[in-house]
Amino acid sequence: MTSSSPMAPEAPASVATPVVEVRNVTAGYLPGVNILNSCSLVANDGELIGIIGPNGAGKSTLLKAIFGLVKVRDGDIRLRGEVITNLKANKLVAQGVGFVPQTNNVFPSLTIQENLEMGMFQKPKGVKERLEFVTEIFPELRKRLGQRAGSLSGGERQMVAMSRALMMGPHVLLLDEPSAGLSPVRQDEAFLRVKEINKAGVTTIMVEQNARRCLQICDRGYVLDQGKDAYTGTGRELLNDPKVIGLYLGTLGD
Ligand SMILES: Nc1ncnc2c1ncn2[C@@H]1O[C@H](COP(=O)(O)OP(=O)(O)OP(=O)(O)O)[C@@H](O)[C@H]1O
Ligand SMILES: [Mg+2]
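Residues numbered from 1 in each chain as written. Chains lettered and ligands numbered in written order. Predicted model: local features only at pLDDT ≥ 70, side-chain atom pairs only at ≥ 80, totals over all residues. Heavy atoms only, no water.

**Some details on the coordination of the magnesium ion (ligand 2)**
Within the protein, the atoms that donate to the magnesium ion (ligand 2) are Ser60 (OG) and Gln102 (OE1), at distances of 2.0 to 2.3 Å. One end of the pair, Ser60, is in helix α1 (residues 59-66); the other, Gln102, is in the loop between β6 (97-100) and α3 (112-118), and 42 residues separate them in sequence. Residue classification places Ser60 among the buried positions, given a relative accessible area of 17%. (Donors = N, O, S within 2.8 Å, 3.2 Å for Na, K, Ca; no water. Helix = DSSP H or I, 4+ residues; strand = E, 2+ residues; numbered from the N terminus. Buried < 20%, exposed > 50% of the residue type's maximum accessible area, 1.4 Å probe, protein only.)

Listed below in structure tokens is the structure:
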């Protein structure tokens, strides 16, 4: 009998290691008004997680809650098992978490290079190596390092914002609508870049308006509705779920 015989013991199934855990989080901006209502999400090591849902569902708020930018009132958030609820953004950056906000994500009066170096303020050593890494993912930035970010298109700004977050060499990346405002071809490109970053070992949580495309590339997805994780599953499961199609995909995507 050879080692490949059916009698040979199976290799144990790999066990998923949770990197980010959001447990029953309630959060909001104004006193008495909750935007997230007992919302939960898990991102395992190396996963690409997609978050979709209607406008105002709380998608951006969920990323901000993870990144310490909106007050969590109940529930908790963990990073590799350690509670990080309401920990400030600078502490999270030091722990390897990067965040690219939906809007206002570059310093317009600074050059591309200065924007990228701003991402390294906590880790001034290694700028050159990181710059090499990000300009490999975004080669179009390489030739334009001296250009002011304010003169860039929306898509180009998004690239700078992502690159800035990547300068710190994060293990976890929170992306808010990386394809927003881009032409369909540019959107495909943006998704490819996100996939590339994720494949380099960065656990990624991405909010997307382009729901169909997002579910096509993510490992698992969450549908957020009224501040709550309404549905979850693999991207494929959600794409084929009649309830998700009817409520959230019908008029979105392709
Ligand atoms: N700074 C703020 N102060 C008060 N309310 C806010 C603030 N930011 C967001 N909200 C409210 O929180 C709710 C959820 O907003 P959020 O930006 O999280 O939604 P979203 O799912 O990201 O929507 P979109 O798809 O339009 O980006 C909205 O009703 C919004 O008005
Ligand atoms: Mg949003």
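Still to come is the rest of the account.
**Things to note about the packing of helix α4 (residues 127-137) against helix α6 (residues 154-167)**
Close contact between α4 and α6 brings their axes to 9 Å; oriented N to C, the two are set at 140°. The angle between α4 and α6 places the two elements in the oblique class. Where α4 crosses over α6, the two elements pack in a sense that is right-handed. Facing α4, whose interface residues are Val127, Arg130, Leu131, Val134 and Ile137, α6 presents Ser163, Leu166 and Met167. Classifying every residue of the contact of α4 with α6 by side-chain character gives six nonpolar, one polar and one charged. (Axes fitted to C-alpha atoms, helices over the stretch in contact; angles between N-to-C directions. Parallel < 35°, antiparallel > 145°, perpendicular 65-115°, else oblique. Left-handed = near helix turned anticlockwise from the far one by under 90°. Contact = heavy atoms within 4.5 Å. Nonpolar A, V, L, I, M, F, W, Y, C, P; charged D, E, K, R; others polar.)

**Notes on the site of ligand 1**
For ligand 1, the set of nearby residues contains 13 residues, the closest of which are Gly56, Gly58, Lys59, Ser60 and Thr61. Lys59 is positioned such that a nitrogen or oxygen atom in its side chain is 2.7 Å from an oxygen atom of ligand 1. Its free accessible area being 640 Å², ligand 1 has 62% of it covered by the protein chains. By residue class, the composition of the shell around ligand 1 is four nonpolar, seven polar and two charged. (Near = heavy atom within 4 Å. Polar contact = N/O pair within 3.5 Å; in protein donor to acceptor, adjacent residues only side chain to side chain. Areas by Shrake-Rupley, 256 points an atom, 1.4 Å probe, with all protein chains shown as cover.)

**Looking at the packing of aromatic side chains**
Tallying each qualifying case throughout the model produces two aromatic pairs. Between Phe67 and Phe99 the ring centres are 5.0 Å apart and the planes differ by 45°, which places this aromatic pair in the tilted class. Here Phe99 lies in strand β6 and Phe67 lies in the loop between α1 and β4 (72-79), a separation of 32 residues in the sequence. For the pair formed by Phe67 and Phe99, the shared burial category is buried. Arranged with centres 6.1 Å apart and planes meeting at 65°, the rings of Tyr231 and Tyr248 form a pair that is edge-to-face. Of this pair, Tyr231 sits in strand β10 (residues 228-234) while Tyr248 sits in helix α10 (residues 242-249); the two residues are 17 residues apart in sequence, bridging distant segments of the chain. (Phe/Tyr/Trp six-rings, centres within 6.5 Å; stacked < 30°, edge-to-face > 60°.)

That is the geometry; function is a separate question.
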